[in-house]
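Commentary on secondary and tertiary structure
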Amino acid sequence: MEINISQRLLDVASFVPKESRLLDVGSDHAYLPMHLIKNGWITFAIAGEVVEGPYRSAITNVQQSGLSDQITVHLADGLSAFSEEDRISCITISGMGGRLISDILEAGKGKLSQIERLVLQPNNCEDELRLWLMENHFKIVSEKIMIESGKFYEIIVAEQGQMILSDHQRRFGPFLSQEKSDVFLERWQRDLNKLEVALAKIPLGNETDRFAIKMKINLIKEAIISEG
Ligand code: SAM
């Protein structure tokens with residue numbers, strides 16, 4: 001069976017260490033674990049999915065690909081999809097809001113001590129997710145920003161450890177804000193443009209709203225300005 005995997009999921013997969021024992025949370029088609037197993041990168045994965053329909057399609061795909069010996073599909077909420085004896089070493093959670101990802105990690109945090117790496121791809125609220133990581137003894141070791149079908153996606157890779165992030169780093173990413181890749185600049189330039197349009201529509205007399213937007217504009221300008 002051909003796997004119709006997106007570049008976004010390929011980018012998430014690229015951060016999974018070789019020979020990991022993987023849990024993919026919210027694995028609607030099981031594409032991510034199937035891709036990694038088919039390429040011989042890993043040999044064991046659990047695809048966890050909380051909703052019946054996507055769970056069924058994950059099972060069908062895994063069976064049709066003949067990968068049932070290596071991928072177990074569980075109908076399960078978040079980290080309840082694995083137990084200690086599965087010896088999971090890496091968890092991927094992608095394609096959900098940053099708040100939901102934080103909630104899933106929070107609900108299962110008693111099971112995270114055995115996990116070596118989290119590969120997270122929030123669709124929004126990246127700052128809240130970075131805060132959760134910081135407050136729960138994870139340190140960010142790598143980040144990537146990519147664009148697909150006109151939408152920007154951030155990938156946050158974390159391992160056990162301590163980090164302290166400033167408000168600026170939480171919002172813009174400790175690595176992303178250092179690297180200032182073209183995609184990063186494009187993403188924040190787009191937000192900046194929207195805010196400038198919004199500012200132009202606020203009457204000059206409404207100083208409170210104008211001030212709030214100007215603050216946001218200034219923060220983005222600081223982030224995209226080149227120090228070179
Ligand atoms: N991970 C895939 C991706 O990145 O393309 C699927 C993303 S899809 C938008 C989100 C999936 O996560 C849905 O199938 C949803 O049912 C599932 N999901 C949401 N909350 C979950 C939870 N607490 N536990 C397991 N799966 C969950």
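Remember, predicted model here, so these are calculated numbers, not experimental data.

**Structural notes on the overall build of the protein chain**
Counting secondary structure elements, the protein chain contains 9 helices and 7 strands. Along the first, second and third principal axes, the C-alpha atoms of the protein chain reach 65 × 35 × 35 Å. Counting over 228 residues, the protein chain shows a buried share of 47%. Restricting to contacts in the protein chain with at least 6 residues of sequence separation, those with at least 24 account for 69%. Counting every atom, the protein chain has about 11400 Å² of accessible surface; 51% of that belongs to carbon and sulfur. Of the side chains in the protein chain, 25 bear a positive and 33 a negative charge, and the two mean positions are spaced by 4 Å.

**Here's the deal with the site of the ligand**
The environment of the ligand is made up of 17 residues, and the closest members are R8, G26, E49, D77 and S94. Here a nitrogen atom of the ligand and a backbone polar atom of V50 are 3.4 Å apart. In the model, an oxygen atom of the ligand is placed 2.7 Å from a nitrogen or oxygen of the S94 side chain. When isolated, the ligand has an accessible area of 600 Å², and the protein chains bury 79% of it. Elements that contribute at least two residues to the shell around the ligand include exactly α1 (7-13), β4 (90-96) and α4 (98-107). The dominant element in the shell around the ligand, judged by the number of residues it contributes, is β4, at 3 residues. Of the residues belonging to the shell around the ligand, the class tally is 9 nonpolar, 4 polar and 4 charged.

**Thoughts on the nonpolar core**
Ranked by internal contacts, the top residues of the largest apolar core, which has 29 residues, are L23, I91, I93, L105, L112, L118 and L133. Of all the secondary-structure elements, those providing two or more residues to this core are β1 (21-25), β2 (44-49), β4, α4, β5 (117-122), α5 (126-135), β6 (138-148) and β7 (151-160). In terms of residue count, the dominant contributor to this core is α5 (4 residues). Apart from the residues lying within four places of it in its own chain, the contact partners of L133 are L118, L120, F138, I140, I156, A158 and M163.

**Remarks on the side chain of E143**
Counting through the fold element by element, E143 comes out in strand β6. Judged by its relative accessible area of 5%, E143 is buried. At a separation of 2.9 Å, a polar atom in the side chain of E143 contacts the side chain of R130. In terms of polar contacts, E143 uses its side chain to reach the backbone amide nitrogen of F175, at 2.8 Å. Beyond its immediate chain neighbours, meaning those up to four positions away, E143 contacts R130, I155, I156, G173, P174, F175, L176 and E179.

**Re the environment of G48**
Here G48 shows up in strand β2. The class for G48 is buried, based on a relative accessible area of 3%.

**As for the pattern of salt bridges**
As enumerated under the stated definition, the model contains 12 salt bridges in all. E159 is the partner of R117 in a salt bridge, and the nearest nitrogen-oxygen pair spans 2.8 Å. Here E159 lies in strand β7 and R117 lies in strand β5, a separation of 42 residues in the sequence. Residue classification places R117 among the buried positions, given a relative accessible area of 18%. On the basis of relative accessible area, E159 is assigned to the partly exposed category, the value being 23%. The shortest N-O distance in the salt bridge between R187 and E126 comes to 3.9 Å. One end of the pair, R187, is in helix α8 (residues 182-201); the other, E126, is in helix α5, with 61 residues separating them in the sequence. There is no split in this pair, since R187 and E126 are both buried. Via salt bridges that share partners, E126, R130, E143, E154 and R187 belong to a single interconnected network.

Parameters and conventions
- Residues numbered from 1 in each chain as written.
- Predicted model: local features only at pLDDT ≥ 70, side-chain atom pairs only at ≥ 80, totals over all residues.
- Heavy atoms only, no water.
- Helix = DSSP H or I, 4+ residues; strand = E, 2+ residues; numbered from the N terminus.
- Buried < 20%, exposed > 50% of the residue type's maximum accessible area, 1.4 Å probe, protein only.
- Contact = heavy atoms within 4.5 Å.
- Areas by Shrake-Rupley, 256 points an atom, 1.4 Å probe, with all protein chains shown as cover.
- Lys, Arg positive; Asp, Glu negative; His and termini not counted.
- Charge placed at Lys NZ, Arg CZ, Asp CG, Glu CD.
- Near = heavy atom within 4 Å.
- Polar contact = N/O pair within 3.5 Å; in protein donor to acceptor, adjacent residues only side chain to side chain.
- Nonpolar A, V, L, I, M, F, W, Y, C, P; charged D, E, K, R; others polar.
- Core = buried A, V, L, I, M, F, W, Y, C linked by side-chain atoms within 4.5 Å.
- Salt bridge = Lys/Arg side-chain N within 4 Å of Asp/Glu carboxyl O.

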